[in-house]
Amino acid sequence: MKVIYDKKFKVYFGTEVLGELVQTLINKEYSSVYILVDENTEKYCLPILKPYLEKYILIRIKSGEQNKNLENATIIWNSLQQNLANRNTVLLNLGGGTLSDLGGFCAATYKRGIDFINIPTTLLAMVDASIGGKQGVDLNSYKNLIGIFKHPEQVFIYPQFIESLPNIERRNGLAEILKHALIDEKKLFDKLINNSQIDYSHIEKLIEKSTKIKIKIVNKDPYEKGLRKLLNFGHTIGHALETYSLLNNTKPLKHGEAVAIGIICESYLSYKLLSLSLEELNLIVQFIKINFDKYNSNWNVNEFIKIMQNDKKNNNSGINFTLLKKIGKAQIDCICSTEMIEESLNYYKNLEF
Ligand SMILES: NC(=O)c1ccc[n+]([C@@H]2O[C@H](COP(=O)([O-])OP(=O)(O)OC[C@H]3O[C@@H](n4cnc5c(N)ncnc54)[C@H](O)[C@@H]3O)[C@@H](O)[C@H]2O)c1
Ligand SMILES: [Zn+2]
């Protein structure tokens, strides 16, 4: 068992972390333990966790981004209240980023805050969502509009959970690993592109590297006053696309898929407006082409820009982006015109996959 980093964030990583979790529950003397699951984590992950726990109350929600909303938050709050949860209760979020964003939000607000522990079960949640203290829900499909900053009490990353994760969900995690590499570590990007096919049975090293980048950045700017905006690369267009797709498609894009498209468009903007070279742009696009499918919906650009204008990352001066100066180095607070944004969307639309 290994502690990745830092006494402050208490992120544990490795094959023996579930034993460490038990120790935490004993040491903290919680009066009751609740576990939040969705139908998939109940089926695939709870049986692995169960032998480590004596007594708990299960709260079930339906999986999927469309369920990260206030209706499901109310279901969770009701369950806590009806089972007499108190300030000494802990909520274990056993799931991906959708579940930990929602569970973390409910725990952080219930009785002005009870402890929660994240046990991420998707690659995306391991490398990104379970760490950093952003908790929240969507409102009218607008991403994370209602939320709060509160760190989980601890995070236990048990990489074996990935074994049952469908491939499509694994590659969603890859989008955030790529983002971390592009904003902070060229060496990690080189490693990614040199493996033509990612070997998910040996992904521990990638998880560790990616997690460390997230922790390093969050540690410098926990409340996103400046530097933490680096983590928004790919997400201004990515989040708008995700919202657009939730509103318009019967099978909406997943977060990671939307971020991968956002990374292409925002890399294009970086090439046009900052110093990212054409060669670097092509390397990024090539990597995404190998690992993701093309999104072919007939998107309406005006509707898109409107969604972007509602993004909480903006201030009054325009749509705010984090862009790349080069691979491994990003710049926050770049304002882009709607014409440039449209051009970047057309660049994506015209790519052949
Ligand atoms: N808070 C943050 O800092 C932060 C950062 C990045 C992303 N996010 C959020 O994370 C969400 C996306 O998270 P996600 O990609 O983990 O999706 P997710 O939580 O929706 O999980 C994806 C699917 O995988 C299933 N699943 C989970 N673990 C499994 C396992 N081990 N085996 C089989 N199936 C499993 C789930 O039931 C679900 O159907 C988005 O809402 C995004 O906004 C938050
Ligand atoms: Zn993301």
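Values in this document were obtained by computation on a predicted structure and should not be read as measured data.

### Here we look at the coordination of the zinc ion (ligand 2)
Surrounding the zinc ion (ligand 2) are the protein donor atoms Glu176 (OE), His235 (NE2) and His255 (NE2), which sit 1.9 to 2.1 Å from the metal. Binding-site remark: the zinc ion (ligand 2) is held by donors from one chain whose sequence spacing is E-x58-H-x19-H. Residue His235 is found in helix H10 (residues 235-248), and its partner His255 is found in helix H11 (residues 255-273); the two are separated by 20 residues along the sequence. With respect to class, His235 is no different from His255; both count as buried.

### Focus on the domain arrangement of the protein chain
With domains assigned, the protein chain is organised as domain 1 (2-164) and domain 2 (172-349). For domain 1 versus domain 2, the separation of C-alpha centres amounts to 26 Å. Taken together, the two surfaces of domain 1 and domain 2 that pack against each other cover about 2900 Å², and 67% of this comes from carbon and sulfur. When the buried area of domain 1 at its contact with domain 2 is split by residue, Val127, Tyr142 and Lys143 rank highest and sum to 20% of it. Ionic pairing is found between Lys179 and Asp128, a salt bridge with its closest N-O pair at 3.0 Å. Counting every contact that joins domain 1 to domain 2 gives seven residue pairs in polar contact (both at pLDDT 80 or more). When contributions to the side of domain 1 that touches domain 2 are tallied by element, the ones reaching two or more residues are strand E1 (2-5), strand E2 (11-13), helix H6 (123-129) and strand E8 (142-149). Here the residues of the side of domain 1 that touches domain 2 sort into 16 nonpolar, six polar and seven charged.

### Quick notes on the packing of helix H7 (residues 167-184) against H11
It is at 8 Å that the axes of H7 and H11 come closest, and there the two elements cross at 40 degrees. Once H7 is placed against H11, the crossing between them reads as left-handed. Residues Ile168, Arg171, Asn172, Ala175, Glu176, Leu178, Lys179 and Leu182 of H7 lie in contact with H11, whose contacting residues are His255, Gly256, Glu257, Val259, Ala260 and Ile263. Its residues assigned to classes, the contact of H7 with H11 shows seven nonpolar, three polar and four charged.

Conventions adopted
- Per chain, residue numbering runs from 1 following the sequence as it is written.
- Going through the entries in the order they are written, you letter the chains from A and number the ligands from 1.
- The predicted nature of this model means local features are confined to residues of pLDDT at least 70 and side-chain atom pairs, given and counted, to a pLDDT of 80 or more, with totals for whole chains, interfaces and linings taken over all residues.
- Only hydrogens and water are set aside; all other atoms, that is, all heavy atoms of the structure, feed into the side-chain values.
- Any N, O or S atom lying within 2.8 Å of the metal counts as a donor, and for Na, K and Ca the limit rises to 3.2 Å; water is left out, so some sites can look incomplete.
- Helix numbers and strand numbers start at the N terminus; a helix is a DSSP run of H or I with at least 4 residues, a strand a run of E with at least 2.
- Partly exposed residues are those whose accessible area sits between 20% and 50% of the maximum for their type, while under 20% is buried and over 50% is exposed, using a 1.4 Å probe and protein chains only.
- Domain segmentation is taken from an automatic or database assignment of domains.
- Here's the idea: put two parts together, see how much 1.4 Å probe accessible area each one loses, and the total over both is what we call buried area.
- For this document, the term salt bridge refers to a Lys or Arg side-chain nitrogen within 4 Å of an Asp or Glu carboxyl oxygen.
- Counted as a polar contact is a pair of N or O atoms within 3.5 Å, where, for protein atoms, one must be capable of donating a hydrogen and the other of accepting one, and residues adjacent in sequence contribute only when both atoms are in side chains.
- In this classification, Asp, Glu, Lys and Arg are treated as charged, Ala, Val, Leu, Ile, Met, Phe, Trp, Tyr, Cys and Pro as nonpolar, and every other residue, Gly included, as polar.
- Whenever a helix is involved, its axis is fitted only over the stretch in contact; in every case the axis is a line through C-alpha atoms, and angles between N-to-C directions fall within 0 to 180 degrees.
- Should the near helix be turned counterclockwise from the far one by less than a right angle, the crossing is left-handed, whereas a clockwise turn marks it as right-handed.
- Any two residues having at least one pair of non-hydrogen atoms within 4.5 Å are treated as being in contact.

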